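Residue-level listing of the chains:
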Amino acid sequence: MDLGMPVFEDQEEEIIGEVEAFDDFTVASSWERFISDIETVCRSWMADGPRNLLEKGAESVPSLKDIFKVKCELKYGSKVYCLEYYFQTTFRAEKFAEWSADLHNLQLMFGVKEFMVIAPASASGVVLDVPVASKLLSSITIALSNCGSICPAFVPVHDPTREAFFGIQNMGTNFTRRFDADCMRSQVPIRLMHLEGLYQLFLSKFGIQMTDFSASLFNVKLMMKLTYMTPEFDADDDIDVIQEEEITSSGKSTGLTNAKSVWDDDCPWSSWYSAEDPIKGFKLCTIWSERTVSDSLEMAEIENALVLDAEKWSITPILQPNLTDDSLGHMIGFSSQLASLIKALDASLDAKFVEDLTTDGKPAYLPAPSVLDRLMKEIFREVHQAPEKQEDYFTVSAIKGAPLESLFGQFCLNALWFGNCNIQAIALLWIEFVREVRWYWEESQALPRTLAGRKIDLSACLIHQKLQMLAICIEKKGDKLDVGSISNVPDIEKIQLKGMDIHKDNESIASRPTPTGDVAHIDEPIFQFKSLPSLAHLRMGSSSIVGNMMLLQSPQSMHAPHMQDPPIMTEDMHEERLQAVEALGDEFIFSGQLEKEMLASDMSAFKAANPEAIFEDFIRWHSPADWESIQNEDNCSLMTGSSKDDWPPQGRLSARMSEPENSWKLLWDESPPLPASQQKPLLDPIREGEKIIHYLETLRPRVLLEQMICTAFKASLDTLSLTHGGDFKQMTSKIEQLYKTVSTGLKTLRGNKMNDKDELISDLLRLSSVFEHVEKMLLFSTSIHMKLRESRRLSEAIFCDFYDFYLPKMGTGFSSICYDESFKSEQLVRTTEREAVLGLFPPPSANQSWRKVLSMGNLLNGHEPLTRELIFLAYGGATHATYGSSAVTYSKPDVETHRMYVRGTSNDLKVALSVTSWD
């Protein structure tokens, strides 16, 4: 006996062994052997049952929940046939279960639960010859009857595109159900496009001439499902307002304006790219529950019924294919450009100068010079508006890049979209950028987008710190030029113009940490001395009176001076000083060296503001902890010199300050009385500015690209985080998690010594892939929120389904696990939410109206159904022995005698009929 290889080899080999152990002379022909083989396999499956079949590896049917199958190949003569058994582990009993999207086509068409399919093991998988199909159907029917099974069996027939089937089900000794399904692909008769004609078609299947009297003998039930698809955007419906291209003062091109706006026009990322809407549209399913139909006129009324009258509405989003399938190409967005930037880093690792990369020798796309000019104007455009409020994870982000609206942040974002973000385009853009920065420096023009506040953001990347430092140097360079032009003539009026008169008592003293260490030897003069003997006792540079404090040797109030700002340092300047600490080996002495210039400046300013002051007065003001007040025995109060009655103050210097060679006292003696405005600046703006320009012009490509990658990741993520796409909690959590992931991933970039270049690039590309997942999820959340903003519950439910579907893909890097599974989210629409869903179906435009030929009823805002599905049921009548016989008898009223499933569109019609008869 020749049996094909079944699914479960161990069990089938045992069965085959038993069969081959003896000769069964009762099986005479090949057809009988074929029936016996089918019976053997069926008995094995029936003995196992669904639970054991699952444990033995039954396959799940793609895109269908809780439907599994097992299969076995069998030979009949020279041909091989595949026998498949489909089964479920659970069955739905709720209302509208017959329209479930998780049903197999044969279950939907014929109302069966479990079933078998036998078909040729060929490419087409159908039987083209009807007699052969009848013989296959007879074979499996006999085998199932021998097994005592009432499982229905089907054979696919005709052309595969027709989705046609023959089938039979032995219901025991009394009934037999026969099945027949076919499809009409073109030239559907007009009458079959309407419910009245389909009703007449169903009545005709009873095999008698139906009259009003005879029709009343049948209890016809109707269930209906209408599926609508949101209309697609039609370019012919868009009215373009054509204007000449105009370049605005900001460098942006006005281009062409459209009457219709793009879906993401108001989204933060729209300034950089126009994203493809991840949701192509929505499918709306409306279901009418079972109702009794008595005549054709009632069918016409149903066809004109309002869709709002349907008992059930459900909505399903239709996604763009590349949203879940990476094999179709990466989505154009921040993530794709970040990947290009990472590849540019790979190409720059061995280069020494940026200029070398502009003539790399490889052909690359470079935009026209006019594009570069416009881009420079946009990057250096000053923005005066306050930034939007940011989330906590946004502000405390540990990503070491430049802020979003900063000059370098805007450079990096523009670089992502300049050309193809190849290394040659980046090099060209950087050279032009540095040239523009130098112009601002040489012309002493305020550098835009530096977020200047006389402070350096040490948490940002070094290039941003340098640009902040340069902005401060430009400001101080201008002040220095102004001071030089005024101080050439030493008269009282011009000195007063610089704020050195005694009347400025309304400003508060600048706060500064109290120095505690000694001051090392002064190696070079730090002041610009001026010969003004006539002003020896003139108070200059006073900021305010220090409370009620009096000087020790003159009954005058103590004045706090205007002081120079502490020296500003970037991260690399701090590192240089720390390296010097290690070289000197004495951090305490070096700390005093660092504070020496500031302390000497403060002493000179204090002397200028208090001409009669002595060293002890300075200590009382600058370092109160080093002044010990003496208690007065008469009134037991502390003589602090707080008023003229207590003058002179009683006290003494601390032991530290009383040492003979105290460095503070030596520095006091050497410091001339000069207001802060006349002192040599603690920061030499010209020298520091030139150093910064040199740094930018000689920056190694690798260092540039590393900081660009960090900044581009941060600025891109900052932009996306400003999106308020429904503010779903899962999306908020993912954005916060991405900040941490990017921060951790980029730390390896900063500390990498390039021991393994390939591993570094691979890690960064994987990071951009994780970024892409979150970006796609954010686009989806924004799109669903915008489309269903009037129904928060519905939009959140759909997003939760997408989140659960897409979550396993997150963090898997380059691989995609969603290829074999399509996204499904069928959400029930509540009655109060139907108006919001109706907004997805705007009335058709004039162009759409005259071009669209309406062929079916049940219009929704002027749109006909995409598909219409009907189930006709008749109870109580069953035909005698011959299938299709005109003789009629009547059985119990609860017996389903006729069932017809119809699925129709404006172009095709599928009909599936099942009839129960006595054999």
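Residue positions are given per chain, counted from 1 along the sequence in the order it is written. In keeping with the model being predicted, local features are shown solely for residues with a pLDDT of at least 70 and side-chain atom pairs are shown and tallied solely at 80 or more, while totals for entire chains, interfaces and linings include all residues. By convention in this description, side-chain values take in all heavy atoms of the structure and omit both hydrogens and water.

### Some details on the overall build of the chain
For step 1, the next point in the chain: Counting its regular elements, the chain contains 26 helices and 22 strands.
For step 2, the next point in the chain: Here's how the labels work: a residue is buried when its accessible area is under 20% of the maximum for its type, exposed when over 50%, partly exposed in between, all with a 1.4 Å probe on protein chains only. Here the chain holds 919 residues, and 50% of them are scored as buried.
For step 3, the next point in the chain: A contact between two residues is defined here by any heavy atoms of the two lying within 4.5 Å. In the chain, 75% of the contacts between residues at least 6 apart in sequence involve partners at least 24 apart.
For step 4, the next point in the chain: In the structure as shown, the chain presents an accessible area of about 45100 Å², 52% of it carried by carbon and sulfur atoms. Only runs of H or I of at least four residues qualify as helices and only runs of E of at least two qualify as strands under DSSP, and these elements are numbered from the N terminus. Reported accessibility uses the Shrake-Rupley method at a 1.4 Å probe radius. Residues are deemed covered only where the shown protein chains occlude them.

### As for helix H8 (residues 334-348)
Counting along an α-helix, one turn takes 3.6 residues, and residues three or four places apart therefore face a common direction.
For step 1, the next point in the chain: In this scheme, a helix's expected span is set at 1.5 Å multiplied by one less than its residue total. Between its terminal C-alpha atoms H8 stretches 21 Å, which fits the 21 Å expected from 15 residues at 1.5 Å a residue.
For step 2, the next point in the chain: Buried residues dominate H8, accounting for 11 of its 15 residues.

### Examining the packing of aromatic side chains
For step 1, the next point in the chain: Working definition: rings of Phe, Tyr and Trp (its six-membered ring) pair if their centres are within 6.5 Å, and the pair is stacked with planes under 30 degrees apart, edge-to-face with planes over 60 apart, and tilted otherwise. A full pass over the atoms with the stated rule returns 40 aromatic pairs.
For step 2, the next point in the chain: Residues Phe115 and Phe154 carry aromatic rings whose centres are separated by 6.1 Å and whose planes lie at 80° to one another, so their mutual orientation is edge-to-face. With Phe115 in strand E4 (residues 115-120) and Phe154 in strand E5 (residues 153-157), this pair connects stretches of sequence that are 39 residues apart.
For step 3, the next point in the chain: On the basis of relative accessible area, Phe115 is assigned to the buried category, the value being 0%.
For step 4, the next point in the chain: Phe154 sits in the buried class, given a relative accessible area of 0%.

### Quick look at the confidence of the model for the chain
For step 1, the next point in the chain: A residue's pLDDT is the predictor's confidence in that residue, given on a scale from 0 to 100. Mean pLDDT over the chain: 79, with 75% of residues reaching 70 or higher.
For step 2, the next point in the chain: Here residues 235-260 is modelled with pLDDT under 50, and outside its nearest four sequence neighbours on either side it reaches 39 contacts, counting other chains as well.
For step 3, the next point in the chain: Considering only residues more than four positions removed or in separate chains, one finds that residues 586-591, a stretch of pLDDT under 50, has nine contacts.

### Considering the pairing of strand E3 (residues 79-88)
For step 1, the next point in the chain: Buried residues dominate E3, accounting for eight of its 10 residues.
For step 2, the next point in the chain: Where strand E2 (residues 67-76) meets E3, 10 bridges bridge the pair, whose relative direction is antiparallel. Directly across from Cys72, in E3, lies its bridge partner Leu83.
For step 3, the next point in the chain: Here a strand pair is declared whenever DSSP counts at least two bridges between the two strands. Counting the residues in the hairpin turn of E2 and E3 gives two residues, including Gly77, whose phi is positive at 70°.
For step 4, the next point in the chain: Pairing geometry for E3 and E4, over six bridges, is antiparallel. Paired with Tyr85 across the bridge in E4 is Met116.

### Considerations on helix H13 (residues 423-442)
For step 1, the next point in the chain: Given a rise of 1.5 Å per residue, 20 residues ought to cover 28 Å, and the 29 Å separating the end C-alpha atoms of H13 matches this to within 8%.
For step 2, the next point in the chain: The opening residue of H13, the one whose side-chain oxygen lies 3.1 Å from the backbone nitrogen of Gln424, is Asn422. Polar contacts, as counted here, are pairs of nitrogen or oxygen atoms within 3.5 Å of one another; within protein the pair requires one atom able to donate a hydrogen and one able to accept it, and residues that are adjacent in sequence qualify only if both atoms are side-chain atoms.

### Regarding the pattern of salt bridges
For step 1, the next point in the chain: When a carboxyl oxygen of Asp or Glu lies within 4 Å of a side-chain nitrogen of Lys or Arg, that pair is called a salt bridge. This structure, assessed with the given rule, holds 31 salt bridges.
For step 2, the next point in the chain: With its nearest N and O atoms 2.9 Å apart, the salt bridge here joins Glu378 to Arg381.
For step 3, the next point in the chain: On the accessibility criterion, Glu378 (11% relative accessible area) is buried.
For step 4, the next point in the chain: Relative accessible area serves as the criterion here: at 32%, Arg381 is assigned to the partly exposed category.
For step 5, the next point in the chain: Notably, a salt bridge pairs Arg435 with Glu432, separated by 2.5 Å at the nearest N-O pair. Remark: Glu432 and Arg435 occur in helix H13; sequence separation between them is three residues, near one turn of the helix.
For step 6, the next point in the chain: Assessed through its relative accessible area of 18%, Glu432 is described here as buried.
For step 7, the next point in the chain: Here the salt bridges share partners, and the residues they tie into one network are Glu163, Arg185, Asp908 and Lys910.

### Notes on the pairing of strand E22 (residues 909-918)
For step 1, the next point in the chain: Counting buried residues along E22, eight of its 10 residues qualify, which places the element largely inside the surrounding structure.
For step 2, the next point in the chain: Sheet analysis places strand E7 (residues 175-184) next to E22, joined by 10 bridges and oriented antiparallel. Bridge pairing in E22 places Arg178 opposite Val915.
For step 3, the next point in the chain: Alignment of strand E21 (residues 896-904) against E22, held across seven bridges, turns out to be antiparallel. Across the sheet, residue Met900 finds its bridge partner in E22, namely Leu913.

### Here we look at the nonpolar core
For step 1, the next point in the chain: In this description, a nonpolar core means a group of buried Ala, Val, Leu, Ile, Met, Phe, Trp, Tyr and Cys residues linked to one another through side-chain atoms lying within 4.5 Å. One finds Phe408, Trp430 and Phe433 to be the most contacted residues of the largest nonpolar core, which totals 151 residues.
For step 2, the next point in the chain: For Trp430, the residues in contact, after removing those within four places along its chain, are Val354, Phe408, Phe411, Ile463, Leu696, Leu699 and Leu704.
For step 3, the next point in the chain: Grouped together as the second largest cluster of nonpolar side chains are 34 residues, Cys42, Ala58, Leu137 and Ala153 included.

### As for the packing of helix H18 (residues 615-622) against helix H19 (residues 663-670)
Describing two packed helices takes the angle between their axes plus the distance from one axis to the other.
For step 1, the next point in the chain: A fitted line through C-alpha atoms represents every axis, and for helices the fit uses only the stretch in contact; the resulting angles, taken between N-to-C directions, go from 0 to 180 degrees. Relative orientation of the contacting elements H18 and H19 amounts to 115°, with a least axis distance of 10 Å. Seen from above, H18 lies across H19 with right-handed handedness. Of the residues in H19, those in contact with Phe615, Phe618, Ile619 and His622 of H18 are Trp664, Lys665 and Trp668.
For step 2, the next point in the chain: We call Asp, Glu, Lys and Arg charged. Ala, Val, Leu, Ile, Met, Phe, Trp, Tyr, Cys and Pro are nonpolar, and the rest, Gly among them, are polar. Of the residues in the contact of H18 with H19, the class split is five nonpolar, one polar and one charged. Take the far helix as the reference: if the near one is turned anticlockwise from it by less than a right angle, the crossing is left-handed, and if turned clockwise, right-handed.

### Structural notes on the environment of Ser623
For step 1, the next point in the chain: By the secondary structure assignment, Ser623 is in the loop between H18 and strand E15 (627-629).
For step 2, the next point in the chain: At a separation of 2.7 Å, a polar atom in the side chain of Ser623 contacts the side chain of Asp626.

### Some points on the packing of H8 against helix H23 (residues 757-787)
For step 1, the next point in the chain: Where H8 contacts H23, the two axes come as close as 8 Å, and the packing angle between them is 170°. Relative to H23, the element H8 is oriented roughly antiparallel. Contacts between H8 and H23 involve Phe334, Ser335, Leu338, Ala339, Ile342, Leu345 and Asp346 from the former and Ile761, Leu764, Leu765, Ser768, Phe771, Glu772 and Glu775 from the latter.
For step 2, the next point in the chain: In terms of residue class, the contact of H8 with H23 is made up of nine nonpolar, two polar and three charged. Between 65 and 115 degrees an angle is taken as roughly perpendicular, under 35 as roughly parallel, over 145 as roughly antiparallel, and anywhere else as oblique.

### Let's talk about a negative patch on the surface
For step 1, the next point in the chain: Each patch is built from residues lacking any salt bridge and having more than 30% relative accessible area; the joining distance is 9 Å for like charges and 5 Å for nonpolar side chains (Val, Leu, Ile, Met, Phe, Trp, Tyr). Think of it this way: Lys and Arg go in the positive column, Asp and Glu in the negative one, and His and the chain ends go nowhere. For charged residues, the charge sits on one atom: NZ in Lys, CZ in Arg, CG in Asp, CD in Glu. A cluster of acidic side chains, namely Asp346, Asp756, Asp758 and Glu759, defines a negative patch on the protein surface.
For step 2, the next point in the chain: Positionally, Asp756 belongs in the loop between helix H22 (729-751) and H23.
For step 3, the next point in the chain: Classification of Asp756 as partly exposed rests on a relative accessible area of 36%.

### Points about the environment of Arg750
For step 1, the next point in the chain: Looking at the secondary structure, you find Arg750 in helix H22.
For step 2, the next point in the chain: Given a relative accessible area of 41%, Arg750 falls into the partly exposed group.
For step 3, the next point in the chain: Between the alpha carbons of Arg750 and Gln707 there is a distance of 8.5 Å; along the sequence they are 43 residues apart.
For step 4, the next point in the chain: With sequence-adjacent residues up to four places away left out, Arg750 is seen in contact with Lys400 and Cys710.

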